[in-house]
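Results of the structural survey
Each chain, written out:
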Amino acid sequence: MAQAFFGGIHPNDHKAATNKKPTETLPPPAQVVIPMSLHIGAPCTPCVAVGDHVRVGQPVGEASAFVSAPVHASVSGTVKAVEPRIHFSGVPVMSVVIENDFNDTPYDRTPPRDPDHLTAEQICEIVKNAGIVGMGGATFPTHVKISSGLGKVDTVIVNASECEAYITSDHRFLLEHPDDVIGGMKVLARLFGVDRVHIAIEDNKANAAEMLKLKIESERAPVVVDILRTRYPQGAEKQLCQSITGRQVPPGALPAAIGCAVFNVFTTAAIYRALYYGEPVTHRIVTVSGSGVVEPKNFYCPIGTPIQDLLDACGGVKKSTFKIIVGGPMMGHAQHDMAAPVGKGTNGVLAFCENEERNIPEPACIRCGKCVSVCPMHLQPVFLYQYEQAGMLAELEQNNILDCIECGSCAYICPGRLHLVQAFRAGKQRINNAKAAAKAAAEKAAKKEQEAAAAKKEGKA
Amino acid sequence: MNYKELNLIGSSSPHIRTKVGAGHIMGEVIIALLPALGFAIYNFGPRALVNTLVSMLGCCAFEWAYRALLKKSNTVFDFSAALTGMLIAFVCPVTIPYWILLAGDFFAIVIVKQLFGGVGKNFLNPALAARAFMLSWAGEMSTWVAPRTQTALFGAVDAVTYPTPMAYLHENNLEGLMNTYSLPDMLVGFIGGSIGEVSALLLILGGAWLIFRRIITWHIPVSYIGTVAVLTFLFPRGNDPLTWMLYNVLGGGLILGALFMATDYVTSPVSHTGHVIFGIGCGLITVFIRYFGGYSEGVCYAILMMNLTVWIIDKNIHPHRFGVPKAQKAPKKEAEGK
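Residues numbered from 1 in each chain as written. Chains lettered and ligands numbered in written order. Predicted model: local features only at pLDDT ≥ 70, side-chain atom pairs only at ≥ 80, totals over all residues. Heavy atoms only, no water.

A few words on the overall build of chain B. For chain B, the helix and strand inventory stands at 16 helices and 0 strands. In terms of overall dimensions, chain B is globule-like: its C-alpha atoms have a radius of gyration of 22 Å, near the 20 Å expected for 338 residues. When burial is assessed residue by residue, chain B has 55% of its 338 residues classed as buried. Long-range pairs, those at least 24 residues apart, make up 74% of the contacts in chain B between residues at least 6 apart in sequence. Carbon and sulfur atoms form 68% of the exposed surface of chain B, whose accessible area is close to 14900 Å². In chain B, the 22 positive side-chain charges and the 17 negative ones have mean positions that sit 15 Å from each other. (Helix = DSSP H or I, 4+ residues; strand = E, 2+ residues; numbered from the N terminus. Rg over C-alpha atoms; globule rule 2.2 N^0.38 Å. Buried < 20%, exposed > 50% of the residue type's maximum accessible area, 1.4 Å probe, protein only. Contact = heavy atoms within 4.5 Å. Areas by Shrake-Rupley, 256 points an atom, 1.4 Å probe, with all protein chains shown as cover. Lys, Arg positive; Asp, Glu negative; His and termini not counted. Charge placed at Lys NZ, Arg CZ, Asp CG, Glu CD.)

Written out as structure tokens, the structure reads:
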């Protein structure tokens, strides 16, 4: 058992509220909203029109670029609208709204004839068409990760560490669908040509790890279970690579640069389901928990389910609830509209009614340095904060603010209750804006010069 | 259920925070100082307690009054003013007149802390700066009573100055010191001196508590006390280096300073490397003043001087950047140098 990354925090994980509750199937929602942007990268283009009848698994949005992934209908029914709707990121996004006919008519699935003997290109194509993205929350298109990692990767890691507090969807999924995950790991082992695939599990999920070990032994699967110390952000990609291999991802690079590829358990299972059953990503498990939820539960639900359906199925929230979050408590998004849909990377919906944030009216830094000792990216948040407040962008960049992964460890531990992550997001945005402005100015100047030169030539002529 | 009726906040992640706030930390430090306070009451009588309470209340009152006058928020309940008050009383003799204590409180809270922006913004340790200021009343600040003396709460104090261990050390009179105070006395605290500094044992107990509770780390205390120990062992005055070293470590305000003053978050570096440099610097200056200074004790000035270097220490220590191999870093710097 190792914890190789520096820093990190250990909040009360609150997982006991849901980690022993079997996943329930959510009563089918009357309507789902499928946003065209359920991944990092270019949004999809809707390929259905209002009034069309769609079936479960039918593509409703086509990928428009390489770094993109199609989206599929998660229920069968009639397309009611194709218009911008509220998205869990807080802004409206072009979406396909489907009214459920409650028949769940499946779309024609044609699984590959010989899934055991596909080429890497074929697998990438199937993964892309199934709309598979990083389902741990980052939602990076998986086919891009596979194709950019082929030939470079010597360590394949399946991420079941689930380091965010409250969230138990990966845990329940492992316990309930281990065959899909192991099937997916076999595919990954073959795909990358590695002898064994690592599956990383924090030691607070010992029952899942034990169960997997027994299964792996009986199946002789090319899998090794790595039990990691429970420590946030163990499941962050860069920290996980470091915990398993001891290697550090260089600044600005992807794990492929150090020979690693990390896949979430859902993603791994989705690859298996796509290859062997022809199923696209249409459903996932979501944990609904937090002090504000009347009865915390895990749900298996269609993607695009409005989060209010999930909360209603838990008996609603308490009157004193002051915050509702999509995602985990450390990196999730606060919601203002409960019509926001569940996305491919939505692992939890949390409602808080106690003083979990512990904000104070006048945050003050006492220079305790705790932020420095918890930062898993080796930054010094105390000084970054000062530079950001003073608008010193050059110093911010010199002190590697762009390395920040926004895990929130510094803000969590801060006894002065500074809004550190918020400041760093703003700082990064300002640096990027300044860079964009400088680039635009340079281009403009170059264009002017060109025009002047052309005019001179013309004049001469 | 109608979710529109909820009063929802939208704000940046993270959405949870640790319970430990600034007030908890200051409170824990105050708790860690209580054993030493208890011993002070036993050693010097109830006046030690009254001094401490007067100083704590004085600091809180100045903090409250200044901020109320300037229409700023009340910060008394982060307990940092109370802690400053406690430390000011701890670094004074038990016979100190109350008004001098209050003058020190004013200097610490208003001049050193609030005028520079309040908690977290001062660059000197407020308690030590106050002590340096209070030494303007040199007589009152160096009237020492014998251990296990009950000092009257009010009225004139017999100006009997009883020699503290530091006085003997300053005169290089190790033998005289050994005859007056045995080493166990030095450890437990049956010696003369400022009320909070005498019991090395109970201070170490409090410091260990703080390290155990992760309020402070070992870096500053160990590097500070270690430096003093090594230097005094290598350059003893007298022919018994070990005894000389032990008296130097246990005498004066070294233990109190190293565990509770030099570790003040606001006026010490933020990185562990910085902590070690800071501790070593404090140790060097302390021994320098004790050996060559006109004043017998060097802890207060050593920490104050090192406080002034914190900015430069912090500025020049950069953690190893994530994902950049350590071996590659050095040649790159060289290339830049060229």
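Let's shift gears to the sheet that holds strand S2 (residues 31-35) of chain A. The strand order across the open sheet formed by 4 strands is S2-S8-S7-S4 (chain A), and the pairing between neighbours is antiparallel. Sheet topology places S2 and strand S4 (53-54) of chain A at the edges, where each strand pairs with a single neighbour. (Pairing = 2+ DSSP bridges.)

In this section: the domain arrangement of chain A. A common way to report how large an interface is uses the accessible area buried once the components associate. Residues and elements named next belong to chain A. According to the domain assignment, chain A contains domain 1 (15-283), domain 2 (284-352) and domain 3 (363-461). Computed over C-alpha atoms only, the centres of domain 1 and domain 3 are separated by 32 Å. Taken together, the contact between domain 1 and domain 3 spans 7 residues of the former and 7 residues of the latter. Taken together, the links from domain 1 to domain 3 amount to 0 salt bridges. (Domains from an automatic or database assignment. Salt bridge = Lys/Arg side-chain N within 4 Å of Asp/Glu carboxyl O.)

Another aspect to go through is the interface of chain A and chain B. Listed as interface residues are 64 residues of chain A and, on the opposing side, 44 residues of chain B. Here chain A is connected to chain B by 3 salt bridges. At the boundary of chain A with chain B, the tally comes to 28 residue pairs in polar contact (both at pLDDT 80 or more). Mapped onto the side of chain A that touches chain B, the elements with two or more residues apiece are helix H6 (237-245), helix H8 (307-313), strand S15 (323-326), strand S16 (333-334), helix H9 (370-374), helix H10 (381-389), helix H12 (409-413) and helix H13 (420-460) of chain A. (Polar contact = N/O pair within 3.5 Å; in protein donor to acceptor, adjacent residues only side chain to side chain.)

In this model, A:Tyr232 is joined to A:Pro233 through a cis peptide bond whose omega is -5 degrees. Note that the residue after B:Ser13, namely B:Pro14, is joined by a cis bond; omega there is -5 degrees. Within the fold, B:Pro14 resides in the segment before helix H1 (22-44). You will see that A:Glu162, though not glycine, has its phi angle at about 40 degrees, which is positive. With respect to the helices, strands and loops of the structure, A:Glu162 is situated in the loop between strand S9 (155-160) and helix H3 (169-176). Its relative accessible area of 8% is what places A:Glu162 among the buried residues.

Let us now look at the packing of H1(B) against helix H2 (residues 47-69) of chain B. Residues and elements named next belong to chain B. Put simply, H1 and H2 touch, their axes get as near as 8 Å, and they point 140 degrees apart. Classified by the angle their axes make, H1 and H2 are oblique. Only Ala 48, Leu 49, Thr 52 and Met 56 of H2 make contact with H1, whose side of the interface consists of Ile 30, Leu 37, Ala 40, Ile 41 and Phe 44. (Axes fitted to C-alpha atoms, helices over the stretch in contact; angles between N-to-C directions. Parallel < 35°, antiparallel > 145°, perpendicular 65-115°, else oblique.)

Residues and elements named next belong to chain A. As summarised here, the arrangement of the 3 strands in space is S3-S5-S6, forming an open sheet in which the pairing is antiparallel. Sheet topology places strand S3 (45-46) and strand S6 (71-72) at the edges, where each strand pairs with a single neighbour. Sheet analysis places S3 next to strand S5 (residues 59-62), joined by 2 bridges and oriented antiparallel. Residue pairing for S5: Pro 46 is matched across the bridge by Gly 61.

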